[in-house]
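# Analysis of the macromolecular model
Below, each chain spelled out in residue letters.
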There are 2 protein chains.
Amino acid sequence: MSQKKSGTILDPRQGGRELVLSTIRANERMARIDIAEHTNISAATVTSITAEMISAGLIEEVARDPENGEMKRGRPRVDLKIRGDSHLIAGIKISQKQASVAILDFEGNSLGEYEQDLPKSQLTQDEMAAFVLDLVRNATVSNGLKLDDISGIGIGLAGIVDAPKGFVHWSPQLSDRNIALRDALQKKIKKPCFIDNDANLVAMAEQWFGYGRKVRDFIVVTIEHGVGMGIVINGSVYRGTRGCGAEFGHTKVQQEGALCRCGQRGCLEAYLGDYALLREANIAATPADDESSRQQLIALLAEAKSGNKTAQSIFDRAGKMFAMGLANIVNIFDPALIILSGERMQMDFLYADDVIDQMRKLVVQVDTPPPEVRIHNWGDLMWARGAAAYAMEGVSELALEALGTQDS
Amino acid sequence: MSQKKSGTILDPRQGGRELVLSTIRANERMARIDIAEHTNISAATVTSITAEMISAGLIEEVARDPENGEMKRGRPRVDLKIRGDSHLIAGIKISQKQASVAILDFEGNSLGEYEQDLPKSQLTQDEMAAFVLDLVRNATVSNGLKLDDISGIGIGLAGIVDAPKGFVHWSPQLSDRNIALRDALQKKIKKPCFIDNDANLVAMAEQWFGYGRKVRDFIVVTIEHGVGMGIVINGSVYRGTRGCGAEFGHTKVQQEGALCRCGQRGCLEAYLGDYALLREANIAATPADDESSRQQLIALLAEAKSGNKTAQSIFDRAGKMFAMGLANIVNIFDPALIILSGERMQMDFLYADDVIDQMRKLVVQVDTPPPEVRIHNWGDLMWARGAAAYAMEGVSELALEALGTQDS
C-alpha cells in the first residue's frame, strides 16, 4: 500500500509501463503500432510491456470495429483497451453535509452511485475513517457488490491536503488539524486509499473523463462555495511543494480589499464566493432573508437580468475581479485551455461574454490566439469521479509495480 | 540541428540517458552506485549508459578524492564527471545597447567573456544573424579560440519567445515581429542555436550554477528595467503553451491601475519597474533631471533612507505591490524556494524584511513554513551563463540522440 514518493523517478521500463497504460486509457482503444508511434517507445518494447499487462489482466485485446478504422485486407487489426473488470474503484467526495460515492470499473464506466449524510459537520480522524468504511460498505451493497470487490478508494475533501503524503493540514470537515488521514483510513478499511484536495480532483475528472483528455497543459477553475483551481502541467496534476498550491481563490485582487473567510483581505474569493455576493446583496437589502443562500443567489441573478442596477453592479464587480484573476493565471501559465467547471457554472454571469472579453484584454498580447475557455457544467458526482480517477492512477501504479517486482 | 519537439516523450532508454547526464551534472562528481540510487535506474542500466557516454567522450572517470568521500579499504572508488573539453558553448545575452558573451566548457567552467555594442537599437532578422556571427567570432578569437571550437550557441533576449520552436513573437531588440529567429541564426552561423526569453535563462542559470541546483520546484523573480519570472517545475523550466507564460510583470495588482509600458493598466511592472519609480519621483520633483535613470534611482533610494517621506512612500508602494504579486505566486505554485535574482537586487528596498513579511502574511496559512526566499545579487554575465546552460542542454540532447541512433 505504499505510494510513489513525490519526485521519485522510476526505472525507465517502469516509466514506459505507466506511459503505455495511460496512453491506452486516454485513447480508449489503440493498436500497438499507434502506441509505439504516440509514446516514442520502440515497437518491440511496447509488445513486451503490453504482453505483461495482458497476462496481469490489466488490458485486453479487442478486434477493431471495421467502421471505426480502416481494415487491412485479410488481416483484422487488433486494438488494446483497459480491461474494465480488472479493478473496481470507489471515488468519494466529502461535502459539507453529505458524501457522494461513484463506483467505477477500471475503464471508468459507472457501476453505481450512492449518497449518505455525514453524522455531524466536523469529524475526528477516527470518526472519518469509520464513516468512510461504513459509506463504502453501504455503497457497494446497495449496488449489488461487496466491499471486497473494491481495489482502491479515492477521497476528495475541501481544505489543504498534501496528496503524495496522504496528509491533511486542515479541512473544514475535520476537527483535527495536521493528520495522516490516509494512513488512518487504510488501517481501518484495509484497502489502498488516496486522498486529495477537491479542486485537484476536478482537474483529474477533466483529464480522465472530461475536456482535458488530450490536453497536456490546462487549468480548471471551479466556483462553488469557494473558488478552487487545479493545474495540469505536462499531463500531471501539479500539487506544489507543501500541498497548498493552486489556491486561486486566495490570490489577492485588491490591496486591503474585502474580508475573506480565511481572515485575510482582498482575496478573489472574497469577491466571488457565495458569501461575498450575498454580503453585497444584504447591503442592498435585495432578496428576502428567509431563503437559502442558493435560492438567494438565483433570485439576485434574476433581478440583475431584469434590470435591477444594484443587483447588476454586484455581478459586474464579481465579473471584473474574476477577469483580473483569470488573466493573471493566463499571464503566468499560458495554458492551452481553461475549463470553468462545476455546478455553479449554471450561474452564467461568471462566464458571460464580457467577462471572458475583459480577461482577454488583460493578458499579454501576442499574435497568436489566447487560450481557449470552455464551460463544463456538470453535476456533483464529477468530484467523486475525479476521486475515483486519482485512486485508479494509484491502483495502476501498484499493479505495475507488482509487474516490475516479478521481473527482477 | 533538430530540436526536441515540445511534449515529445523519448524512448525510455533515451530518457534514462538524459536523466543520468543531468544527475551527474547537478552533483558534479558521482559514483555509479549513487547515480543508480538517485535516479532509481538499475545499476546494470547505469553501467551500460555511462559506458556509452564515456566512449562518446561526454563524461570521464575520476578517482574519488579520499578527503571528500569515504575510502573503501583497498579499492579506491571512482566517480563520474562531465568531461569539460567535450564541448565548448557560447552563451549570449542581447541587451538594449550591447551583447555579453560567456564561453563555457561543458562542465560550466568559464573560458572567457566578451562584450560588443549593438550596431543599432533594433535589428532586422538578417542583421541580428550577422551580428551574432560576428559577435561569436570576435568572442572566440579574443579568448584564443576559434569559431569552430564552439558546439552550440545559446541566445537570450527580452520579449516573447517560443523557445521550443525557436520563434520570436516580439522583442524590443528586433524590428521584425513573428520570426523564426533560430532557423535564421543556424543558417547563417552553421551551428546549433538555442534561443529563449531572458527571464527563463535566469531560471536556468540558477538551476545549473546558482541556488536552484538541487531544488525541483522553484521560482526566480528578476527586476531590471522590467519584471521577469522563470518557473522551474519538476526540474524543468516551464515555458507555457505559446511561449508567453511566466509574465509575472504583467499580472495585474490593481483594477484600472497605473499605466504600463505594455499599454495595459495595473500591471505589477507599472509599480515596480525603473520607469514606474522614476515617474513617481518626477511627480515629487525629486532628483535632478540630468542624471541617468540608474543614478536617479540610487539618489531616490538614498533620499528615502535619509528620511525623505515622499521618497519613502514611492518605495513603500512598490514594496506593497511586490509583496502582493509574490504572495499570489506562492498561493498558486507553493514552490520550495523563491530566488530574487539579478543586478537590481542591490536596490535593497525590494527585499527589505518588511516586504518579505508582508508577502508571508498574504499567503495561505498552514502549519508548515512558507517557502524560503533567497536573494542572489549577481552580475550581468548571469544571463549569458543561463543562455549557455540552455545551449548545453540542447547540445547534450543532440549528443545523446546520436548515441541512440548508433544503438539501432
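Computed from a predicted structure; not experimentally measured.

### Structural notes on the overall build of chain A
Per the secondary structure count, chain A includes 12 helices and 14 strands. Per-residue burial over chain A gives 56% buried out of 408 residues. Residue pairs in contact within chain A that sit at least 24 positions apart in sequence constitute 62% of those at least 6 positions apart. Working note: accessible area of chain A is about 16600 Å², and carbon and sulfur atoms make up 48% of it.

### Structural notes on the relation of the copies chain A and chain B
Under the fitted operation, chain A is carried onto chain B by 0.0 Å of movement along the axis and a turn of 180 degrees, and the coordinates agree to an RMSD of 0.0 Å. The superposition of one copy onto the other is thereby described by a two-fold rotation axis.

### Side note on the environment of Thr222(B)
Residues and elements named next belong to chain B. In this structure, Thr222 sits in strand S10 (residues 218–223). Note on Thr222: relative accessible area 3%, which makes it buried. Each C-alpha atom, one on Thr222 and one on Asp198, is 10.0 Å from the other, the two residues being 24 residues apart in sequence. Each residue touching Thr222, except ones within four places of it in the same chain, is listed here: Val202, Val227, Gly228, Ser341, Gly342 and Trp383. Only 3.2 Å separates the side chain of Thr222 from the backbone oxygen of Ser341, close enough to count as a polar contact.

### Concerning the pattern of salt bridges
All names here are of chain B. Applying the stated rule across the entire model yields 30 salt bridges over all chains. Salt-bridge contacts for Lys81 lead to Glu60; the nearest nitrogen and oxygen are separated by 2.7 Å. Here Glu60 lies in strand S1 (residues 59–63) and Lys81 lies in strand S2 (residues 78–82), a separation of 21 residues in the sequence. By relative accessible area, Lys81 is classed as buried at 6%. On the basis of relative accessible area, Glu60 is assigned to the partly exposed category, the value being 27%.

### Regarding the interface of chain A and chain B
Facing 61 residues of chain A, the contacting portion of chain B comprises 61 residues. Contact between chain A and chain B buries roughly 5200 Å² in total, counting both sides, with carbon and sulfur atoms accounting for 54%. Of all residues in chain A, the largest losses of buried area upon contact with chain B belong to Arg242(A), Ile332(A) and Asp334(A), amounting jointly to 14% of the total for that side. Connecting chain A to chain B are zero salt bridges. At the boundary of chain A with chain B, the tally comes to 16 residue pairs in polar contact (both at pLDDT 80 or more). Listed by contribution, the elements that provide at least two residues to the side of chain A that touches chain B are helix H1 (12–27), strand S11 (227–233), helix H10 (309–333) and helix H11 (353–362) of chain A. Looking at the side of chain A that touches chain B element by element, the count peaks at nine residues for H10(A).

### Considerations on the sheet that holds strand S14 (residues 372–376) of chain A
Within a beta sheet, neighbouring strands are joined by backbone hydrogen bonds and run either parallel or antiparallel to one another. Residues and elements named next belong to chain A. Overall, mixed pairing links the five strands, which are arranged S12-S11-S10-S13-S14 in an open sheet. Only two strands of the sheet have a single neighbouring strand rather than two, namely strand S12 (236–237) and S14. Summarising the sheet, S11 and S12 pair through two bridges and their orientation is antiparallel. Counterpart to Val232 in the pairing with S12 is Val237.

### Details of unusual backbone geometry
As a rule of thumb, non-glycine residues mostly have phi less than zero, and peptide bonds are mostly trans rather than cis. All names here are of chain B. Not every positive phi belongs to a glycine, and Asn178 is a case in point at roughly 55 degrees. One non-glycine residue, Asn234, lies in positive phi territory at about 55 degrees. As for its placement among the helices and strands, Asn234 is situated in the loop between strand S11 (227–233) and strand S12 (236–237).

### Examining the nonpolar core
Of all hydrophobic cores here, the largest spans 96 residues; its most connected members are Phe333(A), Met359(A), Phe333(B) and Met359(B). If sequence neighbours within four positions are ignored, Phe333(A) has contacts with Ile219(A), Ile231(A), Ile233(A), Tyr238(B), Gly240(B), Thr241(B), Gly245(B), Ala246(B), Ile332(B) and Phe333(B).

### Considerations on the sheet that holds strand S5 (residues 110–117) of chain B
All names here are of chain B. One open sheet holds the five strands; their spatial order is S5-S4-S3-S6-S9, and the pairing between them is mixed. Both edges of this open sheet fall to S5 and strand S9 (193–197), since each of them pairs with a single strand only. Each neighbouring strand pair of the sheet contributes to a mean axis angle of 15 degrees, computed without reference to strand direction. By the bridge criterion, five bridges tie strand S6 (residues 150–157) to S9 in an arrangement that is parallel. Counterpart to Ile155 in the pairing with S9 is Ile195.

### Concerning the packing of aromatic side chains
Considering all chains together, one arrives at seven aromatic pairs over all chains under this definition. Between Phe333(A) and Tyr238(B), the aromatic rings sit 6.0 Å apart at their centres with planes inclined by 70 degrees, giving edge-to-face as the arrangement. Here Phe333(A) is found in helix H10, whereas its partner Tyr238(B) is found in the loop between S12 and helix H7 (269–272) on a different chain. Grouping residues by exposure puts Phe333(A) and Tyr238(B) together as buried. Arranged with centres 6.2 Å apart and planes meeting at 80 degrees, the rings of Phe194(B) and Tyr390(B) form a pair that is edge-to-face.

### Some words on H11(A)
All names here are of chain A. Those residues of H11 lying buried are Val355, Ile356 and Met359. Buried positions in H11, seen along its axis, are confined to an arc of 95 degrees and lie on one side of it. H11 presents Asp353 and Lys361 as exposed residues on the side facing more than 90 degrees away from its buried surface. Buried residues along H11 sit in contact with H10, strand S13 (337–341) and S14.

The rules behind these values
- Every chain begins its residue count from 1, and numbering advances along the sequence as written.
- The lettering of chains begins at A and the numbering of ligands begins at 1, in the order of writing.
- Local features in this predicted model are restricted to residues of pLDDT 70 or higher, and side-chain atom pairs are both shown and tallied only at a pLDDT of 80 or more, whereas totals for entire chains, interfaces and linings draw on every residue.
- Excluding hydrogens and water, the side-chain values take into account all heavy atoms of the structure.
- Think of it this way: any DSSP run of H or I at least four residues long counts as a helix, any run of E at least two long counts as a strand, and we number them from the N terminus.
- Three exposure classes are used, based on accessible area relative to the maximum for each residue type with a 1.4 Å probe and protein chains only: buried under 20%, partly exposed in between, and exposed over 50%.
- Every residue pair with non-hydrogen atoms within 4.5 Å of one another is taken to be in contact.
- Only the protein chains shown count as cover for residues, and all accessible areas are computed by the Shrake-Rupley method using a 1.4 Å probe.
- A least-squares superposition brings the copies together, and it is based on the C-alpha atoms of residues with pLDDT no lower than 70 in both.
- We define a polar contact as two N or O atoms separated by no more than 3.5 Å, with the added condition that, inside protein, one atom must be a possible hydrogen donor and the other a possible acceptor, whereas residues neighbouring each other in sequence contribute only through side-chain atom pairs.
- For this analysis, a salt bridge means a side-chain nitrogen from Lys or Arg found within 4 Å of a carboxyl oxygen belonging to Asp or Glu.
- Using a 1.4 Å probe, buried area is obtained as the accessible area two parts lose upon being combined, added over both of them.
- Should DSSP find at least two bridges between two strands, the strands are taken to pair.
- Among the buried residues, those of types Ala, Val, Leu, Ile, Met, Phe, Trp, Tyr and Cys that are joined through side-chain atoms within 4.5 Å form a nonpolar core.
- Fitted lines through C-alpha atoms give the axes, limited to the stretch in contact for helices. The angle between two N-to-C directions lies from 0 to 180 degrees.
- Note on aromatic contacts: the rings of Phe and Tyr and the six-membered ring of Trp form a pair at centre separations within 6.5 Å, being stacked when their planes are under 30 degrees apart, edge-to-face when over 60 apart, and tilted otherwise.
- Each direction from the helix axis to a C-beta atom contributes to the arc, which is the arc of those directions.

Everything listed here is a matter of coordinates, which is why it stays silent on function.
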